[in-house]
Amino acid sequence: MPEGTTRSTGAGDGPTTRAAGPTIEAAGPSVRAAGPTDDACAGGGTGAGAPPGGRLAGRRSSVDAALRNSPLQPLFRLAATRRLAVLAYHGVDDPRTFALQMARLVRIARPVSLARVEQAVHSGRPLPARSVLVTFDDGDRSVLTEGLPVLTRLRIPAAAFVVTELIDSDRPFWWSEASYLASRGGTARGLAGCAPGAVVRRLKTLPDGDRRAALAELRESARTRAPRQEQLTRHDLLTLHRSGVAIGNHTAGHPCLDRCEDATLRDEITSAHHALTGWLDGEEPTAFAYPNGNVDQRADTVLRRLGYRVGFLFDHRHDRLLPRRPLRISRLRVNSTTSRDRFDTILSGLHPAVHRLRGGA
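Since we're looking at a predicted model, the values are computed, not measured.

Definitions and limits used
Residues numbered from 1 in each chain as written. Predicted model: local features only at pLDDT ≥ 70, side-chain atom pairs only at ≥ 80, totals over all residues. Heavy atoms only, no water. Axes fitted to C-alpha atoms, helices over the stretch in contact; angles between N-to-C directions. Helix = DSSP H or I, 4+ residues; strand = E, 2+ residues; numbered from the N terminus. Parallel < 35°, antiparallel > 145°, perpendicular 65-115°, else oblique. Left-handed = near helix turned anticlockwise from the far one by under 90°. Contact = heavy atoms within 4.5 Å. Nonpolar A, V, L, I, M, F, W, Y, C, P; charged D, E, K, R; others polar. Buried < 20%, exposed > 50% of the residue type's maximum accessible area, 1.4 Å probe, protein only. Pairing = 2+ DSSP bridges. Core = buried A, V, L, I, M, F, W, Y, C linked by side-chain atoms within 4.5 Å. Right-handed = clockwise from strand over helix to strand, strands pointing away. Phe/Tyr/Trp six-rings, centres within 6.5 Å; stacked < 30°, edge-to-face > 60°. Lys NZ or Arg CZ within 6 Å of the ring centre and 35° of its normal. Salt bridge = Lys/Arg side-chain N within 4 Å of Asp/Glu carboxyl O.

Engineer: Is there a simple way to explain the packing of helix H5 (residues 95-108) against helix H7 (residues 142-154) in this structure?
Structural biologist: The angle between the axes and the distance between the axes are what describe a pair of packed helices. Relative to each other, H5 and H7 sit at 25°, their axes nearing to 10 Å. For the element pair H5 / H7, the angle class is roughly parallel. Considering only the axes of H5 and H7, their crossing is right-handed. Between H5 and H7, the residues in contact are Pro95, Phe98, Ala99, Met102, Ala103 and Val106 and Glu146, Gly147, Val150, Leu151, Arg153 and Leu154, respectively. Along the lines of polarity and charge, the residues of the contact of H5 with H7 split into 9 nonpolar, 1 polar and 2 charged.

Below, the structure written as structure tokens:
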């Protein structure tokens, strides 16, 4: 499930949006027609490459094809060989397309492990050219059932950042639950005047205590309960870990950390850290992904104290082969339904450049 638009910024070092601007603008009105929120990834909305319906789908497909076949694509692709691409997935909703994406990744790039990225940061030696790290946020069970067989067959290492409160449960992700409850008549004082389709976006802007209170009110007022969702188990985490998918910290309950009070922020990170350490046979996690991409300096302090080596954003950018800010490594938003055309321009950096040119975060 897409987590939402990021409030963070990254440190990509490829062709700048400004330099690409005049040529991208010349691509014509069809590029601009896609709108400023193609990749907004708002909770309950579409992620990078998620398939909308009807004419909009056709228009976006045409734009993606135009970008991939534009004279800019080879230039961006060349520049991307000197940058790190960290792909940020969630679940694997389309196994066939995901398999095609991973097969293409093996052909045109160099998949690297989370440990290899951490080693580069620790040693000060850049990663090899064309390095790509595959990551998954939240811990959707499809990463195990649909993603792992593909990754294993193609020998692609990856990392999964999990929400620990959901492990061994059948609770839905809170944003999925909120969206469902709002569509079934659920209301809350903190959501007054908010249309059901905008509830998740509003919740992410509230102080975390108010978000939790609003969720409780939605549960009380909705006509029906949200469907249950089978989550990963502790055994599943070990299976992933032993199969080449590193397990990272994504907090205990997936709040937006910049909306949390000090004590809540510390507890969200540390309780998840200790839970994962116990489940992974005493091996402490050393990588963190910021929920919703919302960074907070207070989190850095906690992560450093716990020995974390790397942290990941959700900002739709490349980073350096030797990231300058280990706790602020950029990632590219993508999902298992992303088309071949868009997947290629995301990897090259052309799609993120156009996204930023049009005002995308």
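Engineer: Can you walk me through the pairing of strand S3 (residues 131-138) in this structure?
Structural biologist: Along a regular strand, successive side chains alternate from one face of the sheet to the other. Across the 8 residues that make up S3, a large majority, 8, are buried. Bridge count for strand S1 (residues 83-89) against S3 is 5 bridges, and the pairing is parallel. Each bridged residue has a counterpart across the sheet, and for Ala88 the counterpart in S3 is Thr135. Summarising the sheet, strand S2 (residues 110-111) and S3 pair through 2 bridges and their orientation is parallel. The residue bridging Pro111 from the neighbouring strand is Val132, located in S3. Bridging between S3 and strand S4 (residues 158-162) involves 5 bridges; their strand directions are parallel. Bridged to Val134 within S4 is Ala158.

Engineer: Mind showing me how you'd approach the nonpolar core here?
Structural biologist: Counting 36 residues, the largest nonpolar core has Leu87, Tyr89, Met102, Leu105 and Phe136 as the members making the most contacts within it. At 5 residues, the largest contribution of residues to this core is made by H7. Discounting residues that sit within four places of it in the chain, Phe136 has contacts with Tyr89, His90, Val92, Phe98, Val143, Leu151, Ala158, Ala159, Ala160 and Phe161.

Engineer: Help me understand the pairing of S4 in this model?
Structural biologist: Within S4, 5 of the 5 residues are buried, leaving the element largely enclosed by the surrounding structure. Burial along S4 is two-sided: the face carrying Ala158, Ala160 and Val162 and the face carrying Ala159 and Phe161 are both buried. Note that the unit made of S3, H7 and S4 has a crossover that is right-handed. Of the pairings in the sheet, the one linking S4 to strand S5 (residues 245-249) comprises 5 bridges and is parallel in character. In the strand pairing of S5, Ala158 is matched with Val245.

Engineer: Would you mind showing me how to read the environment of Leu84 here?
Structural biologist: By the secondary structure assignment, Leu84 is in strand S1. Distance from Leu84 to Leu133, taken between C-alpha atoms, is 7.9 Å for residues 49 residues apart in sequence. Setting aside its immediate chain neighbours within four residues, Leu84 contacts Leu127, Ser131, His318, Asp319, Arg320, Leu321, Pro323 and Ile329.

Engineer: Looking at this structure, I do not really get the packing of aromatic side chains. What am I missing?
Structural biologist: One pair of aromatic rings is described through two measures. These are the centre distance and the angle between the planes. Counted under the stated rule, the structure contains 8 aromatic pairs. With 5.8 Å between their ring centres and 80° between their planes, Trp174 and Trp175 make a pair best called edge-to-face. Neither residue differs from the other here; Trp174 and Trp175 are each classed as buried. Ring pairing ties together the aromatic residues Tyr89, Phe98 and Phe136, which thus form one cluster. Of note, Arg211 hangs over the ring of Trp174, and the distance from its end group to the ring centre comes to 4.6 Å. The ring of Phe314 carries Arg333 above its face, with NZ or CZ at 5.5 Å from the centroid.

Engineer: Looking at this structure, I do not really get the pattern of salt bridges. What am I missing?
Structural biologist: Side chains that carry opposite charge are capable of pairing whenever their charged atoms lie near each other. Going through the model one piece at a time under the given rule, you end up with 21 salt bridges. The closest approach of N and O atoms between Arg68 and Asp344, which form a salt bridge, is 2.9 Å. One end of the pair, Arg68, is in helix H3 (residues 54-68); the other, Asp344, is in helix H14 (residues 340-348), with 276 residues separating them in the sequence. The class for Arg68 is partly exposed, based on a relative accessible area of 23%. Under the relative-accessibility criterion, Asp344 is labelled buried at 6%. A salt bridge links Asp208 to Arg211, with the nearest nitrogen and oxygen atoms 2.8 Å apart. Here the residue Asp208 and the residue Arg211 both occupy positions in helix H10 (residues 208-221), the gap between them amounting to 3 residues, near one helical turn. Look at Asp208 and you get buried, because its relative accessible area is 5%. Among the charged side chains, a salt-bridge network with shared partners connects Arg68, Arg104, Arg340, Asp341 and Asp344.

Engineer: I keep staring at unusual backbone geometry and nothing clicks. Help me out?
Structural biologist: Excluding glycine, residues mostly have negative phi values, and the peptide bonds linking residues are mostly trans. Unusually for a residue other than glycine, Arg155 sits at a positive phi of about 60°. On the secondary structure map, Arg155 appears in the loop between H7 and S4. Backbone geometry places His254, a non-glycine residue, at a positive phi of 65°.

This is a description of form; function is not addressed.
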